[in-house]
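The chain contents come next:
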Amino acid sequence: MIWNPSEGINIGFFTIRFYSLMFVIAFGLGWYIMKHIFVREKEPLEKLDTLFIWTVIATLLGARLGHVFFYDWEYYRNNLLEILLPFRFSPKFEFTGFQGLASHGAAVAIIIFMYYYSKRVIKRPLLWVLDRVVIPVASGAVFVRVGNFFNSEIVGKITDSPLGVRFVRDYFSPKEVVNATKISDLNDAYHALVNDPKYASLLEKVPAKHPAQLYEAIAYVFVFLILFFLYWKTKTAEKQGLLFGYFLILLWSVRFVVEYVKESQGGIEETFGLLSTGQWLSIPFILVGIYYLFVAEKPVE
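To start, this report covers the structure provided alongside it. (Residues numbered from 1 in each chain as written. Predicted model: local features only at pLDDT ≥ 70, side-chain atom pairs only at ≥ 80, totals over all residues. Heavy atoms only, no water.)

Below, the discussion takes up the overall build of the chain. When helices and strands are tallied, the chain shows 13 helices and 7 strands. Relative to its length of 301 residues, the chain is compact, with a C-alpha radius of gyration of 21 Å against a globular reference of 19 Å. Once the C-alpha set of the chain is aligned to its principal axes, its extents read approximately 75 × 40 × 40 Å. A buried classification covers 46% of the 301 residues belonging to the chain. Here the analysis covers contacts within the chain between residues at least 6 apart in sequence; of these, 68% occur between residues at least 24 apart. When the accessible area of the chain is evaluated, it comes to approximately 16,200 Å², of which 65% is carbon and sulfur surface. If the 29 positive side-chain charges of the chain are averaged to one point and the 26 negative ones to another, these points end up 5 Å apart. (Helix = DSSP H or I, 4+ residues; strand = E, 2+ residues; numbered from the N terminus. Rg over C-alpha atoms; globule rule 2.2 N^0.38 Å. Buried < 20%, exposed > 50% of the residue type's maximum accessible area, 1.4 Å probe, protein only. Contact = heavy atoms within 4.5 Å. Areas by Shrake-Rupley, 256 points an atom, 1.4 Å probe, with all protein chains shown as cover. Lys, Arg positive; Asp, Glu negative; His and termini not counted. Charge placed at Lys NZ, Arg CZ, Asp CG, Glu CD.)

So this is what it looks like as C-alpha cells:
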C-alpha cells in the first residue's frame, strides 16, 4: 500500500489538517462521553466545561513539554523560545507549527491538572476523577494515532509483511520531493511522484514499513471498550483507583509492545539502551497501574 495523503481538507481560504481534525474529534467525543458520566453521577454540567478546558490545556502543554524533555532536549536547550512558539529561528525564521508531542508528557500533565480540578472544582477525590476521565482519554488516544498515520509520522520499521505501508512523505522530505519533481506546490509534487511513471524509479526507493500508528489505534479501541464496559456494566468504579489502574496497565502495555516494531525516535534510549524511549517511559505507568489493582477499595461512607 502506497500512503500519500494530502495535508488536509482544502476549503479554499483554509486547509483543515487531518491531524488537527483528529484532535478536535478526540476532544469532542471526550466531552460527549464525560457529559453522560456527569449525568449518571449527578454532577452539574457546568463543572464539565472547566474539566474540558483544563484537559485540553494539560494535553497540549504536557505533550509538548514531554517531547522536549524526553525526546529532543539537546536541541531545545539551545532553542528555548521554540518550546512554546510555533516557529524556528535558526538557521532562518519560519513557521513550523508544534512539531513534536509526547503522550507520556500529556499523561503526567493530565494527572497534575486533575489534582487541582478535584480539589478546587468538583470537590471529589482525585482517584474518583481519574477513574472516569481515563475513559474518554482512551478514546482520544485512538484518534491521535490515526492523526499520526495521516501525517506519516511515528512509522514502524521496514517489513516485508503484507501489512506494510509505503509512507512516501516519511521517506521523501518536502524539500527533496520539490527538488526532484521541480513542482513548487507540495501536494502536487507528492502526487506526481506517486502517479507519474517518470518518477517510478524514485517511488521504488520507498520501503514498506509497519503501520505502527494503526496497530496502536486498533489496540486502543479495545482498551476504550474494556474501560467503557467496566464503568457502565460492572461495579468496578466503586473501588477508587481500580479503573485508573486498568487504564495504566492496558494502554501503556499496548504502547510498550508496539514500540518493538517502531522506528527509533531517539531520546533517553540513547543513554539507557536496551529498550526504546517509549518503553522506558511506559514502565513506571504500568507499575503504578499494578499498584492500584492491589490497593483500590471502596471509599469509607
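The structure having been displayed, the exposition proceeds.
Reading across from one edge, E1-E6-E7 is the order of the 3 strands in this open sheet, with mixed pairing throughout. The open sheet has two edge strands, strand E1 (2-3) and strand E7 (208-209), and neither has a second partner. Across 2 bridges, strand E6 (residues 165-167) lies against E7 in antiparallel orientation. In the strand pairing of E7, Arg166 is matched with Ala208. (Pairing = 2+ DSSP bridges.)

Let us look at unusual backbone geometry. A positive phi angle, near 60 degrees, is found at Lys42, a position not held by glycine. Relative to the helices and strands, Lys42 is located in the loop between helix H1 (18-40) and helix H2 (46-71).

A few words now on the pattern of salt bridges. Per the stated rule, a full pass over the model turns up 9 salt bridges. Between Lys209 and Glu263 there is a salt bridge whose closest N-O contact spans 2.5 Å. In this pair, Lys209 sits in strand E7 while Glu263 sits in the loop between helix H11 (242-258) and helix H12 (269-272), placing the two residues 54 residues apart along the sequence. Using a relative accessible area of 7% as the deciding quantity, one classes Lys209 as buried. Via salt bridges that share partners, Arg145, Glu216, Arg255, Glu259 and Lys262 belong to a single interconnected network. (Salt bridge = Lys/Arg side-chain N within 4 Å of Asp/Glu carboxyl O.)

What follows covers the packing of aromatic side chains. In total, this model carries 18 aromatic pairs according to the counting rule given. Judged by centre distance (5.6 Å) and plane angle (45 degrees), the rings of Phe224 and Phe228 are tilted. Highlighted residues: Phe224 and Phe228, both in helix H10 (residues 212-233), separated by 4 residues, approximately one helical turn. On the basis of relative accessibility, which here comes to 35%, the residue Phe228 falls in the partly exposed class. Taking 5.2 Å as the distance between ring centres and 75 degrees as the angle between the ring planes, the aromatic pair formed by Tyr291 and Tyr292 counts as edge-to-face. Overall, the relative accessible area of 19% leaves Tyr292 in the buried class. An aromatic cluster is present here, built from Trp3, Phe18, Phe149, Phe150 and Phe167 joined pairwise through their rings. Seen from the ring of Tyr231, Arg40 lies directly overhead, with NZ or CZ sitting 4.6 Å from the centre. (Phe/Tyr/Trp six-rings, centres within 6.5 Å; stacked < 30°, edge-to-face > 60°. Lys NZ or Arg CZ within 6 Å of the ring centre and 35° of its normal.)

Further remarks concern a nonpolar patch on the surface. Nonpolar side chains collect at one region of the surface, where Trp31, Tyr32, Phe52, Ile53, Ile57, Leu61 and Leu84 lie side by side and expose about 640 Å² of accessible area between them. Looking at the nonpolar patch, the elements with two or more residues in it are H1 and H2. The element best represented in the nonpolar patch is H2, accounting for 4 residues. Along the chain, the position of Phe52 falls in helix H2. (Patch = residues over 30% accessible without salt bridge, like charges linked within 9 Å, V, L, I, M, F, W, Y side chains within 5 Å.)

Another aspect to go through is the environment of Thr55. If you trace the backbone, Thr55 turns up in helix H2. Judged by its relative accessible area of 13%, Thr55 is buried. Note: C-alpha distance between Thr55 and Gly30 (25 residues apart in sequence) is 9.8 Å. In this structure Thr55 touches Phe27 and Met114, once residues within four positions along its chain are discounted.

What follows is about the packing of helix H7 (residues 174-181) against helix H8 (residues 186-195). The interhelical angle for the contact between H7 and H8, taken along N-to-C directions, is 70 degrees, at an axis separation of 9 Å. Relative to H8, the element H7 lies roughly perpendicular. Two packed elements cross with a definite hand, and for H7 against H8 that hand is left-handed. Contact residues: H7 offers Pro174, Val177, Val178 and Thr181, while H8 offers Leu186, Ala189, Tyr190 and Leu193. Class assignment for the residues of the contact of H7 with H8 results in 7 nonpolar, 1 polar and no charged. (Axes fitted to C-alpha atoms, helices over the stretch in contact; angles between N-to-C directions. Parallel < 35°, antiparallel > 145°, perpendicular 65-115°, else oblique. Left-handed = near helix turned anticlockwise from the far one by under 90°. Nonpolar A, V, L, I, M, F, W, Y, C, P; charged D, E, K, R; others polar.)

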